Amino acid sequence: MEKKNLDWANLSFSYIKTDKRFVANYKNGAWEDGQLIDDDKVVITECAGVLQYSQSCFEGLKAYTTEDGHVVCFRPDLNAQRMEDSCRRLEMPVFPAARFVDAVVETVRANLAWVPPYGSGATLYIRPYMFASSAVIGVKPADEYQFRILVTPVGPYFKGGAKPITIRVSDFDRAAPRGTGNIKAGLNYAMSLHPIMDAHRQGYAENMYLDPATRTKVEETGGANFIFITKDGKLVTPKSDSILPSITRRSLLYVAQHYLNMEVEEREVPLTEVPSFAEVGLCGTAAVISPVGKIVNHDEEICVPSGMDAMGPVLTKLYDTLTGIQMGRIEAPEGWIKHIA
Ligand SMILES: *Cc1c(COP(=O)(O)O)cnc(C)c1O
């Protein structure tokens, strides 16, 4: 199979139309089989539930070429389960997890020419998503839905190495107590656009959101969970019902315990504890880990001891181990790597 002629190492994180996408429609109470199609356009009624009341959710994962030349993806079963949870909370029909994984595999196989080669740092980003496609005007769930998967090649998240970023404590909240913060709903992102643009205008790379009820505990950023390393080498990550359960974070916790013999704690993290940590990182599919060098809370500046030059030593070990597992250089736990080609 001939690869597309792209400058893989210099791709950005943006959409490129690939050859095939998966589409399945939900109608009369059932999912149709679904198929791969060429057309990238979605045609729906002007009154579709997604357009009027934002009834939609999504997932994000990556396919990539391993050291020995296979194409794989990482723990797609967890994306499938998480999308089931999102659908239930939004009164959308569940797309069964097993079919989700099959559709991911089928879509990547149909676009193998777009999977970046090993060592380029680039990956094929996979975006499964679902939206209400039939008309609603009174506020209620739609009767019909579309589940789709698009794939697009994306460049290395860090060109020239992971540089620590400066973030701020946001005055906005990301999620309501007992709201939708723990599901991957588009609506959570719509309302984060103003805070993130405002952060960028003020010179910050990301927002640290606090727990919406008391605003005293760390939650997450707009699209990544926090991991902290204590001075005695423990991994600490915030626990809260309004945090999106990151698959990268859950995988890093496992790697810390079972590969690096580290102690891990998933618990509430008061903002006042943050200055005592040795290393701070953000984790998610896109970057795996982004190091945080400084956290600004109005007049207070928290300078993370690992500094602004490079990722700290413990996060680096975690990053190297997890990416080693993903790329096939380190043996993976049972079931983590889904073989595609
Ligand atoms: C997707 C997402 C993450 C990261 O989750 P991964 O499964 O690791 O990619 C973190 N926070 C939010 C709000 C997200 O939407």
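All values derive from a computational prediction rather than experimental measurement.

Here we look at the domain arrangement of the chain
For step 1, the next point in the chain: The domain boundaries assigned to the chain delineate domain 1 (8-154) and domain 2 (165-326).
For step 2, the next point in the chain: Measuring from the centre of the C-alpha atoms in domain 1 to the corresponding centre in domain 2 gives 26 Å.
For step 3, the next point in the chain: Each partner contributes to the interface: domain 1 provides 21 residues, whereas domain 2 provides 19 residues.
For step 4, the next point in the chain: Three residues stand out in domain 1 for area buried against domain 2, namely F58, F74 and R82, and they jointly supply 36% of the buried area on that side.
For step 5, the next point in the chain: Applying the counting criterion to the domain 1 and domain 2 interface returns zero salt bridges.
For step 6, the next point in the chain: Counting the contacts that link domain 1 with domain 2 gives nine residue pairs in polar contact (both at pLDDT 80 or more).
For step 7, the next point in the chain: Listed by contribution, the elements that provide at least two residues to the side of domain 1 that touches domain 2 are β4 (56-58), β5 (61-65), β6 (71-74) and α2 (76-89).
For step 8, the next point in the chain: By residue number, the principal contributor to the side of domain 1 that touches domain 2 is α2, which donates six residues.
For step 9, the next point in the chain: Classifying every residue of the side of domain 1 that touches domain 2 by side-chain character gives nine nonpolar, six polar and six charged.

Some points on the site of the ligand
For step 1, the next point in the chain: Close to the ligand lie 15 residues; K184, Y189, S246, T248 and T285 are nearest.
For step 2, the next point in the chain: Separating a nitrogen atom of the ligand from a side-chain N or O atom of E220 is a distance of 2.6 Å.
For step 3, the next point in the chain: Burial of the ligand by the protein chains amounts to 96% of its free accessible area of 380 Å².
For step 4, the next point in the chain: Class assignment for the residues of the shell around the ligand results in four nonpolar, seven polar and four charged.

How each quantity is defined
- Residues numbered from 1 in each chain as written.
- Predicted model: local features only at pLDDT ≥ 70, side-chain atom pairs only at ≥ 80, totals over all residues.
- Heavy atoms only, no water.
- Domains from an automatic or database assignment.
- Contact = heavy atoms within 4.5 Å.
- Buried area = accessible area lost by both parts, 1.4 Å probe.
- Salt bridge = Lys/Arg side-chain N within 4 Å of Asp/Glu carboxyl O.
- Polar contact = N/O pair within 3.5 Å; in protein donor to acceptor, adjacent residues only side chain to side chain.
- Helix = DSSP H or I, 4+ residues; strand = E, 2+ residues; numbered from the N terminus.
- Nonpolar A, V, L, I, M, F, W, Y, C, P; charged D, E, K, R; others polar.
- Near = heavy atom within 4 Å.
- Areas by Shrake-Rupley, 256 points an atom, 1.4 Å probe, with all protein chains shown as cover.

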